[in-house]
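# Coordinate analysis (summary)
Single-letter residue listing:
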Amino acid sequence: MPLVTFLPSGRTFCVVSAGSLLRAARRARIPLASSCRGQGVCKACRVRIVRGAENLSPPSDLERAAAHDAGLDDDERLACLAHVLGPVAITTSYW
């Protein structure tokens, strides 16, 4: 099972392959904003990928459109729409 590392705490959590980063954070009891129940609408779950971006699912059309609207940087993804395929480390501006 892929390992997600939450920085700066260094806390880790194994997730079911292809589970979302948002679900991993919730199951690991890491606070991650979201008001749209993981539908990619609120854009509150933006995270920065510190390492392992290649181990996430490619952005869907919905995520690309939301990223454009939200002004996400190249190293940012919406946690509700990014699915974990291998080890990854993430952070946000409020952890």
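Residues numbered from 1 in each chain as written. Predicted model: local features only at pLDDT ≥ 70, side-chain atom pairs only at ≥ 80, totals over all residues. Heavy atoms only, no water.

## Quick notes on the overall build of the protein chain
Helices and strands together make up the secondary structure of the protein chain, namely 2 helices and 5 strands. Counting from the amino terminus, the protein chain carries its helices and strands in the arrangement β-β-α-β-α-β-β. Taking 95 residues into account, the globule formula puts the C-alpha radius of gyration at 12 Å, and the protein chain, at 12 Å, falls close to it. Structurally, the protein chain occupies a C-alpha span of about 30 × 25 × 20 Å along its principal axes. Out of the 95 residues belonging to the protein chain, those deemed buried represent 43%. Here the protein chain displays about 5300 Å² of accessible surface, and carbon together with sulfur accounts for 52% of that area. For the protein chain, the distance from the average site of its 12 positive side-chain charges to the average site of its 8 negative ones is 13 Å. (Helix = DSSP H or I, 4+ residues; strand = E, 2+ residues; numbered from the N terminus. Rg over C-alpha atoms; globule rule 2.2 N^0.38 Å. Buried < 20%, exposed > 50% of the residue type's maximum accessible area, 1.4 Å probe, protein only. Areas by Shrake-Rupley, 256 points an atom, 1.4 Å probe, with all protein chains shown as cover. Lys, Arg positive; Asp, Glu negative; His and termini not counted. Charge placed at Lys NZ, Arg CZ, Asp CG, Glu CD.)

## Section: the pairing of strand E5 (residues 88-91)
Where burial is concerned, the two faces of E5 agree: the one with Val-88 and Ile-90 and the one with Ala-89 and Thr-91 are both buried. When strand E3 (residues 46-51) meets E5, the two strands line up antiparallel, connected through 3 bridges. Along E5, the bridge assignment pairs Arg-48 with Thr-91. (Pairing = 2+ DSSP bridges.)

## Describing the environment of Ala-70
Mapping Ala-70 onto the fold places it in helix H2 (residues 61-70). As a C-alpha pair, Ala-70 and Val-4 span 66 residues in sequence and 24 Å in three-dimensional space. With residues up to four places along the chain from it excluded, the contact list for Ala-70 reads Lys-43 and Arg-46. (Contact = heavy atoms within 4.5 Å.)

## Some remarks on the confidence of the model for the protein chain
Confidence in the prediction of the protein chain, expressed as mean pLDDT, is 92, and 100% of residues score 70 or more. Mean pLDDT across the secondary structure elements of the protein chain bottoms out at H2, with 90, and peaks at E5, with 98. (pLDDT = per-residue confidence, 0-100.)

## Looking at the pattern of salt bridges
A side chain with one charge may pair with a side chain of the opposite charge, provided their charged atoms come close. Under the counting rule described, the total for this entry stands at 4 salt bridges. Its salt-bridge partner being Arg-48, residue Asp-75 comes within 4.0 Å of it at the nearest N-O pair. Of the two residues, Asp-75 sits in the loop between H2 and strand E4 (76-78) while Arg-48 sits in strand E3, which places them 27 residues apart along the sequence. Residue Arg-64 is joined to Asp-61 by a salt bridge in which the shortest nitrogen-to-oxygen separation is 2.4 Å. Within this pair, Arg-64 and its partner Asp-61 are both found in helix H2, separated by 3 residues, close to a single helical turn. The partly exposed category is assigned to Arg-64, whose relative accessible area is 45%. On the accessibility criterion, Asp-61 (59% relative accessible area) is exposed. (Salt bridge = Lys/Arg side-chain N within 4 Å of Asp/Glu carboxyl O.)

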